[in-house]
Amino acid sequence: MDSQIHINASCALQVGCGADELIDLLMRCVLDPGDSILDCPPTFTMYKFDAAVNDAKVITVLRNDDFSIDVQGQSRCIDDAMCWLLVALIEHYGL
């Protein structure tokens, strides 16, 4: 595969059957019970679902009215148990 798509040998590539499966696989590999994730809706509903399956806490920071990321809001929520910051691209909102 490297010879066809030119991926650096030190990089990891995960292939799955759609976004839901990949989100599930990554969370199972990375999250421990009690970990936290920071979610910035609108985003994939699977983030919240898979976090619950893995007994992780979901901290939600809504986006600004123009759908930009509320960086100050996120900064106030980050703690030592934070494992992931989840941000989905939102081009489909016409921005």
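Quantities reported herein were computed from a predicted structural model and do not represent experimental measurements.

K.L.:
Whenever I open this one, the overall build of the chain confuses me. Can you help?
P.N.:
Each helix and strand counted, the chain has four helices and three strands in total. When the helices and strands of the chain are placed in sequence order, the string is α-α-β-α-β-α-β. Counting across all 95 residues of the chain, residues that qualify as buried make up 27%. Taking contacts inside the chain between residues at least 6 apart in sequence as the whole, the part at least 24 apart equals 47%. Accessible surface for the chain amounts to roughly 6600 Å². Of this, 56% is attributable to carbon and sulfur atoms.

K.L.:
What should I look at first to understand the pairing of strand β1 (residues 36-39) in this one?
P.N.:
Side-chain positions along a regular strand alternate between the two faces of the sheet. Neither face of β1 is open: one carries S36 and L38, the other I37 and D39, and all of them are buried. The sheet contact formed by β1 and strand β2 (residues 57-60) spans four bridges and is parallel. For L38, the partnering residue across the bridge sits in β2 and is I59. A crossover connection joins β1 to the parallel β2 through helix α3 (residues 45-53); in handedness this β-α-β unit is right-handed.

K.L.:
I would appreciate a short explanation of unusual backbone geometry in the present structure.
P.N.:
Negative phi characterises most residues that are not glycine, and trans characterises most peptide bonds. The amide bond that connects P41 to the next residue, P42, takes the cis arrangement and shows omega of 10°. Along the chain, P42 falls in the loop between β1 and α3. A positive phi angle, near 70°, is found at F67, a position not held by glycine. With respect to the helices and strands, the residue F67 is situated in the loop between β2 and α4 (71-77).

K.L.:
Explanation requested: the nonpolar core in the structure shown.
P.N.:
Counting eight residues, the largest nonpolar core consists of I23, M27, L31, I37, M46, Y47, A51 and A56. Those elements giving two or more residues to this core turn out to be α2 (19-30) and α3. When residues in this core are grouped by element, the largest group, three residues, is from α3.

K.L.:
I keep staring at the environment of P33 and nothing clicks. Help me out?
P.N.:
With respect to the helices and strands, P33 occurs in the loop between α2 and β1. C-alpha of P33 to C-alpha of A51: the two residues are 18 residues apart in sequence and 9.2 Å apart in space. Every residue in contact with P33, bar those within four places of it in the chain, is listed here: N54 and D55.

K.L.:
What is the right way to read the confidence of the model for the chain from this model?
P.N.:
Note: predicted coordinates in regions of low pLDDT should not be interpreted at a detailed level. In the predicted model, the chain carries a mean pLDDT of 78, and 66% of its residues have values of at least 70. Confidence scores differ between elements of the chain, with helix α1 (residues 2-5) showing the lowest mean pLDDT of 57 and α3 the highest of 90.

K.L.:
I would appreciate a short explanation of the environment of R28 in the present structure.
P.N.:
Residue placement: R28 occurs in helix α2. Considering only alpha carbons, one finds R28 and D50, 22 residues apart in sequence, at a separation of 8.3 Å. Among all residues touching R28, those that are not within four sequence positions of it are V53 and N54.

The rules behind each value
Every chain begins its residue count from 1, and numbering advances along the sequence as written. Totals for whole chains, interfaces and linings use every residue, but because this is a predicted model, local features are given only for residues with pLDDT of at least 70 and side-chain atom pairs only at 80 or more, for both listing and counting. Note: side-chain values were computed over all heavy atoms of the structure, leaving out hydrogens and water. The secondary structure listing takes helices from DSSP runs of H or I that are at least 4 residues long and strands from runs of E that are at least 2 residues long, numbered from the N terminus. Exposed residues in this analysis have more than 50% of their type's maximum accessible area, buried residues have under 20%, and partly exposed residues fall in between, with area computed by a 1.4 Å probe over protein chains only. A contact between two residues is defined here by any heavy atoms of the two lying within 4.5 Å. Note on areas: Shrake-Rupley, 1.4 Å probe, and residue coverage restricted to the protein chains presented here. In short, DSSP must find at least two bridges between two strands for them to pair. When the strands point away from the viewer and the path from the first strand over the helix to the second turns clockwise, the crossover is right-handed. Residues enter a nonpolar core if they are buried and are Ala, Val, Leu, Ile, Met, Phe, Trp, Tyr or Cys, with the set joined through side-chain atoms within 4.5 Å. Note: pLDDT gives the predictor's confidence per residue, expressed from 0 to 100.

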